[in-house]
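As a plain string of letters, each chain reads:
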Amino acid sequence: MFTADQSDGNTFLREPYSIDYASISSYSSLLDPSSCECNGVVRMDYPFGYKKDNNIDILGSCNGLICMGISRDRDSATKLYKDNSICIWNPSTREYKKILIPRHDTGYYSANPCRVRYGFGYDGTIDDYKLVRILGSSTWSCAQKIPYKFPHARRCRGLLFNGTLHWLGFTITQENSPEVIVSYDISNEKALELPLPEETMLQLGNQNAHKNIGMLSDCLCLVLNFPPVHRYIWVMQEYGADASWTKQYTFIHQMISNFVYSKPIWSLRNGEILIDVDYGFLLFDPSNGSQRMLEVQEFHDTYFLGQPVIYMESLVSLNTGTYV
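About the thresholds
Residues numbered from 1 in each chain as written. Predicted model: local features only at pLDDT ≥ 70, side-chain atom pairs only at ≥ 80, totals over all residues. Heavy atoms only, no water. Salt bridge = Lys/Arg side-chain N within 4 Å of Asp/Glu carboxyl O. Helix = DSSP H or I, 4+ residues; strand = E, 2+ residues; numbered from the N terminus. Buried < 20%, exposed > 50% of the residue type's maximum accessible area, 1.4 Å probe, protein only. Core = buried A, V, L, I, M, F, W, Y, C linked by side-chain atoms within 4.5 Å. Contact = heavy atoms within 4.5 Å. pLDDT = per-residue confidence, 0-100.

J.: Any chance you could break down the pattern of salt bridges for me, citing the residues and the numbers?
T.: One pass over the full model with this rule turns up seven salt bridges. In this structure, the salt-bridge partner of Glu189 is Lys130, at a minimum N-O distance of 3.0 Å. Here the residue Glu189 occupies a position in the loop between strand S15 (179-185) and strand S16 (190-195), and Lys130 occupies one in strand S10 (residues 128-135), the gap between them amounting to 59 residues. Taking relative accessible area as the criterion, Lys130 reaches 16% and is therefore assigned buried. Put simply, Glu199 and Lys247 hold a salt bridge, and the shortest N to O gap is 2.9 Å. In this pair, Glu199 sits in helix H2 (residues 198-203) while Lys247 sits in strand S20 (residues 245-252), placing the two residues 48 residues apart along the sequence. Taking relative accessible area as the criterion, Glu199 reaches 43% and is therefore assigned partly exposed. We classify Lys247 as partly exposed; its relative accessible area is 30%. Linked through salt bridges whose partners overlap, the residues forming this network are Asp123, Lys130 and Glu189.

Right under this line is the structure:
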């Protein structure tokens, strides 16, 4: 699932779409040196319907459930939204649950939303799902003080892995603190930190460096970008073991190097890796180093594709009895 944005300069429209694994994998096998076309995209009938200037932000996915932030009824004078909510939605059953955001809340829809971090996941100890929201150095979900701050970034949602949410952040207990991966265990509601690879610490002082975390071959990974020349992908081979960070891929003056943002999101059965980049998706084949843009036929250059999440269809019930 991903979102497609279109704007004519006066109005803005963001809509969610899905594309199945078979469509991507079948077209990835076509031997075009620079791009491959992919069809089979379906516009999703999400809760609250389609309307210009509505805003959708995908905050997470778990066991077939999608967590979205939805803003509606934008005031033309103030440019602020009158109706802000979070929606947990099962696209397969069409059932959803709406969680209202109080007007006084200084969270996701505040003037500085990218200092907020969201995440969504399953807690096996209580057999239920949790929405986690961290703002600055405090959190909704427990009394524990979270001693981290989060810089402005394009993606604000947590990366779910091993029952734990992950974000890039800084500790607030140290001056000139190095950047770390902040991890939040959904079950015990405790925050810890994972250090970045030692070799990257000096490189991160470069103001042109851009960082993202993702998943690669069932391992946590760090992408370090120096556009338009260098890009490195580090993999934590053993989760939680600092010494297991390994520099797995290096790109110099290649297609992927031109993008400011990149994040691995899925490994295909043929060995290719699907990567989210600035405005779309790229396929990378580690066996021969080839890189191709995944061209989605339904969209043209006025669209911006992003916010991808991987989800498997399920019949998980939200026990609300409310459907699209």
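From this point, the narrative continues.
J.: I'd like to hear about the nonpolar core, residue by residue, with values.
T.: Counting residues in hydrophobic clusters, the biggest one holds 17 residues, and the most contacted among them are Ile181, Ile213, Leu220, Leu222 and Trp245. For this core, the elements supplying multiple residues, two or more each, are strand S13 (159-161), strand S17 (210-216), strand S18 (219-226) and strand S19 (230-236). Looking at this core element by element, the count peaks at four residues for S18. Apart from the residues lying within four places of it in its own chain, the contact partners of Leu222 are Leu196, Pro197, Thr200, Lys211, Asn212, Ile213, Tyr232, Ile233, Trp234 and Trp245.

J.: Explain the confidence of the model for the protein residue by residue, including any values.
T.: A residue-level look at the protein finds 75% of positions with pLDDT of 70 or above and a mean pLDDT of 79. Looking at the elements of the protein, mean pLDDT is at its lowest for strand S11 (residues 138-139), recorded as 45, and at its highest for S13, recorded as 93. Below a pLDDT of 50 lies the segment residues 104-111, which in the model reaches 18 contacts outside its immediate sequence neighbourhood of four places, other chains included. Of the regions scoring below 50 in pLDDT, residues 138-143 engages in 13 contacts with residues more than four places distant in sequence or in other chains.

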